[in-house]
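Residue-level structure breakdown
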Amino acid sequence: MDEDSSHIDLIAGFKEQLWKYLPVAVYACNREGFIIYYNEAARKLWGRDPVPFQDKWCGFSRLYDKDGTEISAGENPLMGMLGNAPEGQQLELLGLRADGDYRRMLVMPGKIYSAEGIVEGIYCTITDISHRDETERKQAFFSSLVDSSDDAIISKSLDGIITSWNAGAEKIFGYREEETIGRPITLLIPPSRLAEEDHILSEIRKGNKVNHFQTVRVHKTGREIPISLTISPIKDKNGRIIGASKIARDITEQVRIQQSLAQYTQNLETINELIKSISAKMDVQEILQQVTDATTKLTGASFGAFFYNRKNEQGEAYMLYTLSGVPRAAFEGLGMPRNTSVFAPTFNGSAIVRSDDIRKDERFGKNAPYNGMPEGHLPVVSYLAVPVVLSGGIVIGGLFFGHREPAKFTADHEAIVTGIAAQAAIALDNSRLFEEVKALNVKKDEFIALASHELKTPLTTISGYLQIMDKKVTEPSAKKFIDKTINQVARLNRLIADLLDVSKIEAGKLIFEKEKFDLVALVKEMIESFRYINNAYNISFNSAIDVAYVTADKHRIEQVINNLLGNAVKYSPDNFNIEVRFELVNGAVKVIFKDYGIGLTQEQQSMIFSRFYRAENTNRVPGLGLGLYLTKEIINRHEGKVGVNSVFGKGSEFYFTLSLD
Ligand code: ADP
């Protein structure tokens, strides 16, 4: 073999290998279209091995043009090569493989010539562009997402230079794309927050994402915008971090809703506090002031005023008023609001007046002498006036608010003030009732003091004469009547003494004369005399201690024991057992009186220590309802305690304590 022919062989071998393993799919057909050759890449692309001289034109099951229209087997575009179709042109086609997958490809057919220059067959190279196509589509999809997003989507380099800017960013920040690309992102950051960017970039360099970071950025006009930021690192295909993408959402509306919710909650709290506080108050001036202050604050008024109709002791009407937001001096010289057409609806309770600009209201400025606001009146443009009406329709006053700017009061403000006005009316009415009751109470106390004093004098005289008669009269039946009379007079005396004690307590004039004595001895002594008088009763005594020295007003403590023992007897009509016992509790002595009588409900127990209170079921038992009141006053003033444990229908345990010497 000469050198030339071995060279030729080498080249032929190279060609064969080249065709076979070329990464581009290549195949050839004869004039009839039968596939006569295909390489590895073509086999892979088709996903099958066509049988040479049997399969025609290509190895796909079906062919489509690039828009997806099927090309019938008889119209294979390669056929054109057999005629005059020019070579070197690319066709974009879709092929369906035997396994059901599609391939998008660029097909470039060419002609195979014989030595004589006749077209003997066709060859074809195919480039698979399915993958490229998908990437393109993905890119198109993403860029349309970025374009259409309402969020600002911005990318920046690791040194904070803006590299892309979408329409959303323009909408939020006001800059156009060309104004921002290449400029630092700090353009959008308020000076006080520049440190945030260092933090963000350092997180990004570490490969971390910054999620939903709420902050503030600046619009082109300088306006600050609350935004929520999510920033993620951008990596190149080797995973190196090369920048950051940033999604910014304008949360102005969200923040506004949050703030108005917070404001709403705060308003509710203020209203709640106010209502709680005024319903517990009895002082009119205080209620008026609190209501005025709270409503002025809630409506955002420059000032608020509460005019309240009152009657003095002579029954003459006058007006009380409180102010908020202005010193009293600002109103002092202005005279009370009169029944003008602006004020009338409020003072007669017929309507709420709310005006964005009261000067433009047709009712305004019609009355002499001012024909509008009097000289020196604070400027009022926005105006809100709400009548304060009792449930029976009686108007007790009005709440007035002013603001120097127009349109400051809304329907919400009107509703809030109306609600508070209704509560204020109740509170004011309660306080009026309370004041009336207080005045009556004073009168009653005066009467009790006077009556008991007036009763005491003749009674003392009667007692004196009875004593003389008792000595003089010897006839037994007459003596019996005199004894009975003396007993009844003694009872009357005790009642009057109790009444006098009550007035002394009210006047702060109950005086104690304290001495040291043995409480055990005193109680025993008194039980003895009780046993003597009420011999039907079985009064037991029990004590862990023999003596209990206390320093107290002995006469008053006697009165206490008398009351408690007396009640135990009085309120136990069907059970004659009474137990008295002593206990020691923390250095104090506790004396307990237990009976098995009618008992008391929980509600009654909470009332029995007040003046003149008597439980409903005690009507037939004589008494004024003063004993326990006096007992409590006396023991309290000895720094001791009084109490009761009782079960209705079962009996009661009353006790008092005194500290031991
Ligand atoms: P009075 O006995 O004159 O009515 P008190 O002040 O001593 O006045 O008592 C007030 C009320 O408490 C009585 O009217 C009665 O209803 C109730 N009460 C007092 N002691 C007892 C008791 N031991 N058992 C049941 N109820 C009692």
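A quick note: this is a predicted structure, and the numbers were derived from the prediction, not measured.

**Concerning the overall build of the protein**
Of the regular secondary structure elements, the protein holds 16 helices and 24 strands. Considering only residue pairs separated by 6 or more positions, the protein has 56% of its internal contacts joining residues 24 or more positions apart. Total accessible area on the protein stands at roughly 37,700 Å², and carbon and sulfur atoms take up 54% of it. Of the side-chain charges in the protein, 78 are positive and 85 negative, and the distance between the mean point of each set is 8 Å.

**Considering the pairing of strand β2 (residues 35-38)**
As paired strands, strand β1 (residues 25-30) and β2 are joined by three bridges and run antiparallel to one another. Opposite C29, over in β2, you have I35 as the bridge partner. In this antiparallel pair of consecutive strands, β1 and β2, the connection spans four residues, and G33 shows a positive phi of 95 degrees.

**Considering helix α13 (residues 519-533)**
It helps to recall that an α-helix has 3.6 residues per turn; residues three or four apart then point in one direction. Counted at 1.5 Å a residue, the expected span for α13 with its 15 residues is 21 Å, and the 21 Å between its end C-alpha atoms agrees. Inspection of α13 places L519, V520, L522, V523, M526, I527 and F530 among the buried residues, and these make up the whole buried set. Viewed along the axis of α13, the buried residues span an arc of 160 degrees, placing them on a single side of the element. Set apart from the buried face of α13 by more than 90 degrees, the exposed residues are E525 and Y532. N-cap assignment for α13: the residue whose side-chain oxygen lies 3.0 Å from the backbone N of V520 is D518.

**What to know about a nonpolar patch on the surface**
A cluster of nonpolar side chains, W19, I36, Y37 and F53, forms an exposed patch at the surface whose accessible area comes to about 380 Å². Structurally, the position occupied by F53 is in the loop between α2 (40-46) and β3 (62-65). Residue classification places F53 among the exposed residues on the basis of a relative accessible area of 53%.

**Notes on the site of the ligand**
Of all residues adjacent to the ligand, which total 20 residues, the nearest are N567, Y571, D595, R614 and L628. Take G625: an N or O atom from its main chain is 3.0 Å from an oxygen atom of the ligand. When the ligand sits alone it has 520 Å² of accessible area, and the protein chains cover 98% of it. Contributing elements (two or more residues each) for the shell around the ligand: α14 (554-570), α16 (627-636) and β24 (651-659). Grouping the constituent residues of the shell around the ligand by class yields ten nonpolar, seven polar and three charged.

**Quick notes on unusual backbone geometry**
Within the chain, W57 stands out as a residue other than glycine whose phi angle is a positive 65 degrees. Its location among the elements puts W57 in the loop between α2 and β3. You will see that F612, though not glycine, has its phi angle at about 60 degrees, which is positive. With respect to the helices, strands and loops of the structure, F612 is situated in the loop between α15 (602-607) and α16.

**A closer look at the pattern of salt bridges**
Enumeration over the complete set of coordinates arrives at 35 salt bridges. Salt-bridge contacts for D150 lead to K171; the nearest nitrogen and oxygen are separated by 2.9 Å. Taken together, the residues D150 in the loop between α3 (130-148) and β8 (152-157) and K171 in helix α4 (residues 167-173) connect sequence positions 21 residues apart. With respect to class, D150 is no different from K171; both count as exposed. Between R531 and E528 there is a salt bridge whose closest N-O contact spans 2.7 Å. Remark: E528 and R531 occur in helix α13; sequence separation between them is three residues, near one turn of the helix.

**Things to note about the sheet that holds β8**
Within a beta sheet, neighbouring strands are joined by backbone hydrogen bonds and run either parallel or antiparallel to one another. Across the sheet, which stays open at both edges, the five strands sit in the order β9-β8-β12-β11-β10 with antiparallel pairing between neighbours. The sheet terminates laterally at β9 (162-165) and β10 (210-218), the two strands that pair on one side only. Strand-to-strand, the axes of this sheet are offset by a mean angle of 30 degrees, without reference to chain direction. The sheet contact formed by strand β11 (residues 224-235) and strand β12 (residues 241-250) spans nine bridges and is antiparallel. Pairing of I231 across the sheet is with K246, part of β12. In the packing of helix α6 (residues 194-205) onto the sheet, contacts are made with β8, β10, β11 and β12, and the angle to β10 comes to roughly 150 degrees.

**Some thoughts on the packing of helix α11 (residues 411-472) against helix α12 (residues 476-506)**
At a minimum axis distance of 9 Å, the contact between α11 and α12 shows a crossing angle of 155 degrees. Comparing the axis directions of α11 and α12 gives the class roughly antiparallel. Crossing of α11 over α12 shows left-handed handedness. Residue composition of the contact of α11 with α12, by class: 14 nonpolar, six polar and six charged.

**Topic: the sheet that holds strand β16 (residues 382-389)**
Ordered in space as β14-β13-β17-β16-β15, the five strands form an open sheet in which the pairing is antiparallel. Only two strands of the sheet have a single partner each, and these edge strands are β14 (317-324) and β15 (353-355). In this sheet, neighbouring strand axes are inclined to one another by 15 degrees on average, regardless of whether the strands run parallel or antiparallel. Sheet strands in contact with α11 are β13 (303-311), β15, β16 and β17 (395-403), and its direction is about 35 degrees off that of β16.

**Some remarks on the side chain of S646**
Summarising the element assignment, S646 is placed in strand β23 (residues 642-647). Leave out the neighbours within four places in its chain, and S646 touches G599, L600, Q605, G651 and S652.

**Considering the side chain of S355**
As for its position among the elements, S355 is in strand β15. You can call S355 buried: its relative accessible area is 8%. Within the structure, S355 has its side chain in polar contact with the backbone nitrogen of D357 (distance 3.2 Å). If we ignore the near neighbours within four places in the chain, the residues touching S355 are D361, V381, S382 and Y383.

**Observations concerning the state of the cysteines**
What the rule picks out here adds up to zero disulfides. Cysteine C29 shares no disulfide, and the gap to the nearest cysteine sulfur, in C124, comes to 7.4 Å. No disulfide involves C58; its sulfur sits 8.1 Å from that of C29, the nearest cysteine. The class of C58 is buried, set by a relative accessible area of 12%.

**Overview of the packing of aromatic side chains**
Applying the stated rule across the entire model yields 16 aromatic pairs. Aromatic side chains Y64 and Y102 sit 5.9 Å apart centroid to centroid with 55 degrees between the ring planes, which places their arrangement in the tilted category. Here the residue Y64 occupies a position in strand β3, and Y102 occupies one in strand β6 (residues 102-113), the gap between them amounting to 38 residues. You can call Y64 buried: its relative accessible area is 10%. Judged by its relative accessible area of 45%, Y102 is partly exposed. With centroids separated by 6.4 Å and ring planes inclined at 55 degrees, the aromatic side chains of F343 and F347 adopt a geometry described as tilted. The partly exposed category is assigned to F343, whose relative accessible area is 24%. Classification of F347 as buried rests on a relative accessible area of 15%.

Rules of the game
- The residue numbering used here restarts from 1 in each chain and proceeds along that chain's sequence as written.
- Whole-chain, interface and lining totals are the exception, using all residues; otherwise, since this is a predicted model, local features are given only for residues with pLDDT of at least 70 and side-chain atom pairs are given and counted only at 80 or more.
- The basis for every side-chain value is the complete set of heavy atoms in the structure, and neither hydrogens nor water enter the calculation.
- A run of DSSP states H or I qualifies as a helix once it reaches four residues; a run of E qualifies as a strand once it reaches two. Both are numbered from the N-terminal end.
- By the convention used here, residues are in contact when the closest approach between their heavy atoms is within 4.5 Å.
- Note on areas: these come from Shrake-Rupley sampling with a 1.4 Å probe, and a residue is covered only by the protein chains present in the view.
- Only four residue types enter the tally: Lys and Arg on the positive side, Asp and Glu on the negative side; His and the chain ends are excluded.
- The location of each charge is read from NZ of Lys, CZ of Arg, CG of Asp or CD of Glu.
- For two strands to be treated as a pair, DSSP must find no fewer than two bridges joining them.
- In this analysis, the expected span of each helix is defined as 1.5 Å times one less than the number of residues it contains.
- Think of it in three bands: residues with accessible area under 20% of the maximum for their type are buried, residues over 50% are exposed, and the middle band is partly exposed, with areas taken using a 1.4 Å probe on protein chains only.
- The directions considered for the arc run from the helix axis to the C-beta atoms.
- Two N or O atoms count as a polar contact when they lie within 3.5 Å, although within protein this holds only if one can serve as hydrogen donor and the other as acceptor, and sequence-adjacent residues are included solely when both atoms are side-chain atoms.
- Patch membership requires over 30% relative accessible area and the absence of a salt bridge. Like charges are linked within 9 Å, and nonpolar side chains (Val, Leu, Ile, Met, Phe, Trp, Tyr) within 5 Å.
- In the sections that follow, a salt bridge refers to a side-chain nitrogen of Lys or Arg positioned within 4 Å of a carboxyl oxygen of Asp or Glu.
- Here a residue is near a molecule or strand as soon as one of its heavy atoms is found within 4 Å of it.
- Residue classes follow a fixed rule: Ala, Val, Leu, Ile, Met, Phe, Trp, Tyr, Cys and Pro count as nonpolar, while Asp, Glu, Lys and Arg count as charged, and any other residue, Gly among them, counts as polar.
- The axes used here are C-alpha line fits, helices contributing only the stretch in contact, and every angle between their N-to-C directions lies in the interval 0 to 180 degrees.
- Under this scheme an angle from 65 to 115 degrees is roughly perpendicular, one under 35 degrees roughly parallel, and one over 145 degrees roughly antiparallel; angles in between are oblique.
- For any pair of crossing helices, the crossing counts as left-handed if the nearer helix is rotated counterclockwise from the farther one by less than a right angle, and right-handed if it is rotated clockwise.
- To count as a disulfide, a pair of cysteine sulfur atoms needs to be within 2.5 Å.
- Think of it this way: a Phe, Tyr or Trp ring, Trp meaning its six-membered ring, pairs with another when their centres are within 6.5 Å, and the plane angle makes it stacked under 30 degrees, edge-to-face over 60, tilted otherwise.

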